[in-house]
Amino acid sequence: MSETLFTKIMAGEIPSDILYEDEHCIAIRDINPQAPVHVLLIPRQVIPRLVDAQLEDQALLGHLLQTAGKVATQLGIGDTFRLVVNNGEGAGQTVFHLHLHIMGGQGFDEGRLAR
Ligand code: 5GP
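Residues numbered from 1 in each chain as written. Predicted model: local features only at pLDDT ≥ 70, side-chain atom pairs only at ≥ 80, totals over all residues. Heavy atoms only, no water.

Caption draft 1: Fine view of the side chain of Asp57. Mapped onto the elements of the fold, Asp57 is located in the loop between strand S3 (37–43) and helix H2 (58–74). Engagement of the side chain of Asp57 in a polar contact is seen with the backbone nitrogen of Gln54, the distance being 2.7 Å. If near-sequence neighbours (up to four positions away) are discounted, Asp57 is found in contact with Gln45 and Ile47. (Helix = DSSP H or I, 4+ residues; strand = E, 2+ residues; numbered from the N terminus. Polar contact = N/O pair within 3.5 Å; in protein donor to acceptor, adjacent residues only side chain to side chain. Contact = heavy atoms within 4.5 Å.)

Caption draft 2: Main features of the pattern of salt bridges. Summed over the entire model, instances satisfying the criterion amount to three salt bridges. Here Asp17 and Arg29 are joined by a salt bridge, their closest N and O atoms 3.1 Å apart. Taken together, the residues Asp17 in the loop between helix H1 (5–10) and strand S1 (18–21) and Arg29 in strand S2 (residues 25–29) connect sequence positions 12 residues apart. Judged by its relative accessible area of 40%, Asp17 is partly exposed. Between Asp52 and Arg49 there is a salt bridge, and its shortest N-O distance comes to 3.0 Å. By relative accessible area, Asp52 is classed as partly exposed at 25%. You can call Arg49 partly exposed: its relative accessible area is 30%. (Salt bridge = Lys/Arg side-chain N within 4 Å of Asp/Glu carboxyl O. Buried < 20%, exposed > 50% of the residue type's maximum accessible area, 1.4 Å probe, protein only.)

Caption draft 3: Structural view of the nonpolar core. With 17 residues, the main nonpolar core has Ala27, Val39, Leu41, Leu64, Val71 and Ile102 as its most contacted residues. Broken down by element, this core gets its largest block of residues, five residues, from H2. Filtering out sequence-adjacent residues up to four positions away, Leu41 remains in contact with Cys25, Ile26, Ala27, Leu64, Thr67, Ala68, His99, Leu100 and Ile102. (Core = buried A, V, L, I, M, F, W, Y, C linked by side-chain atoms within 4.5 Å.)

Caption draft 4: Representation of the site of the ligand. Among the 16 residues in the neighbourhood of the ligand, the closest are listed as Arg29, Asp30, Gly92, Thr94 and His101. One of the side-chain N or O atoms of Asn86 is found 2.8 Å from an oxygen atom in the ligand. Listed by contribution, the elements that provide at least two residues to the shell around the ligand are H1 and S2. Residue composition of the shell around the ligand, by class: seven nonpolar, seven polar and two charged. (Near = heavy atom within 4 Å. Nonpolar A, V, L, I, M, F, W, Y, C, P; charged D, E, K, R; others polar.)

Caption draft 5: Representation of H2 within the structure. Its 17 residues give H2 an end-to-end C-alpha distance of 24 Å, which sits within 8% of 24 Å, the value for a rise of 1.5 Å per residue. Along H2, the positions that sit buried rather than exposed are Leu60, Leu64, Thr67, Ala68, Val71 and Ala72. What you see down the axis of H2 is that its buried residues fit within an arc of 135 degrees, all on one side. For H2, the exposed residues lying more than 90 degrees away from the buried face are Gln58, Ala59, Leu65, Gln66 and Thr73. In the segment just after H2, Gly76 is the residue with positive phi, at about 85 degrees. (Expected span 1.5 Å × (residues − 1). Arc of directions from axis to C-beta.)

Structure, rendered in structure tokens:
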């Protein structure tokens with residue numbers, strides 16, 4: 001398995017604020033939040049980009065979506081949150097280990113997160 005920033009976080013080599021973990025994934029607070037609640041949900045398995053996911057990753061992808069809802073609910077934003085996946089450098093991806101951004105904690109203004 002290749003090393004990424006997130007495998008180092010999962011190994012405890014880099015400190016993070018862990019909000020949830022199970023055998024398949026981990027949720028941590030984003031170090032540079034773009035919303036009052038900004039959490040990263042990361043599979044333990046390294047899939048560099050969403051587009052690299054294979055047929056055999058379907059169950060994991062489903063688990064991530066379901067867990068995102070669970071974590072959002074646990075954080076009190078279960079009724080109003082946004083999920084974002086940046087795929088590729090041009091889309092703003094900086095860590096090449098698939099992750100879901102869970103963002104919320106305030107109203108959405110015309111579909112955008114109000115700042
Ligand atoms: P991307 O830009 O790849 O979609 O998202 C990567 C995210 O990781 C960014 O939102 C960035 O703030 C976050 N990040 C980068 N380094 C760290 C870190 O060391 N700890 C945590 N918790 N988040 C990080």
